[in-house]
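# Descriptive structure summary
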Amino acid sequence: YEFVPSAVFSQPPIGSCGYTEAEAAKKYGSVDVYMTTFKPMKHTMPTGRGEEEKIMMKMLVVSDGLKDAGRVVGCHMVGADAAEMMQGIAV
């Protein structure tokens, strides 16, 4: 199977689905890497901890000009509720 999501319920939690950056580059030739950090939804209202608790997300997308251009082939997250969010991303 491809793109089976997995989770590690550690501190901080980890969620992953799809290929790693190295695996994706080897299979597709070239991938674009998008990385971002954001605060969890539970901190969108003032809680006093919004700046302390962040989530990091890395998304791998097949580069333009290749057969599967624009296809998301990997997504990886570290932070609060990352394991649960990965279920929805995997679908």
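Please refer to the structure placed before this passage.
Residues numbered from 1 in each chain as written. Predicted model: local features only at pLDDT ≥ 70, side-chain atom pairs only at ≥ 80, totals over all residues. Heavy atoms only, no water.

## Things to note about a nonpolar patch on the surface
Together, V8, I14 and V78 line one region of the surface with nonpolar side chains, adding up to about 200 Å² of accessible area. Under the relative-accessibility criterion, V8 is labelled partly exposed at 44%. (Patch = residues over 30% accessible without salt bridge, like charges linked within 9 Å, V, L, I, M, F, W, Y side chains within 5 Å. Areas by Shrake-Rupley, 256 points an atom, 1.4 Å probe, with all protein chains shown as cover. Salt bridge = Lys/Arg side-chain N within 4 Å of Asp/Glu carboxyl O. Buried < 20%, exposed > 50% of the residue type's maximum accessible area, 1.4 Å probe, protein only.)

## Looking at the side chain of H76
With respect to the secondary-structure elements, H76 resides in strand β5 (residues 72-78). When its relative accessible area of 17% is taken as the criterion, H76 is described as buried. One polar contact links H76 to S16, side chain to side chain, over a distance of 2.6 Å. Among the polar contacts listed, one links the side chain of H76 to the backbone oxygen of Y19, at a separation of 2.9 Å. (Helix = DSSP H or I, 4+ residues; strand = E, 2+ residues; numbered from the N terminus. Polar contact = N/O pair within 3.5 Å; in protein donor to acceptor, adjacent residues only side chain to side chain.)

## What to know about the pairing of β5
Counting buried positions along β5 yields 5 of 7 residues, so the element is predominantly enclosed. As paired strands, strand β2 (residues 14-18) and β5 are joined by 5 bridges and run antiparallel to one another. Within β5, the residue paired with G15 across the bridge is M77. By the bridge criterion, 6 bridges tie strand β4 (residues 55-62) to β5 in an arrangement that is antiparallel. Across the sheet, the residue bridging to K58 is H76, located in β5. (Pairing = 2+ DSSP bridges.)

## Considering the pairing of β4
With 6 of 8 residues buried, β4 lies mostly within the body of the structure. For strand β3 (residues 31-38) and β4, the ladder comprises 8 bridges, and the chain directions are antiparallel. Looking across to β4, one finds that F38 is bridged to I55.

## What to know about the packing of aromatic side chains
This structure, assessed with the given rule, holds 2 aromatic pairs. Between F3 and Y19, the aromatic rings sit 5.4 Å apart at their centres with planes inclined by 80°, giving edge-to-face as the arrangement. Residue F3 is located in the segment before β1 (6-8), and its partner Y19 is located in the loop between β2 and α1 (21-28); the two are separated by 16 residues in the primary sequence. Overall, the relative accessible area of 15% leaves Y19 in the buried class. With 6.2 Å between their ring centres and 65° between their planes, Y19 and Y28 make a pair best called edge-to-face. Residues Y19 and Y28 agree in their burial class; the two are buried. Cluster of aromatic residues (ring-pair linked, three or more members): F3, Y19 and Y28. (Phe/Tyr/Trp six-rings, centres within 6.5 Å; stacked < 30°, edge-to-face > 60°.)

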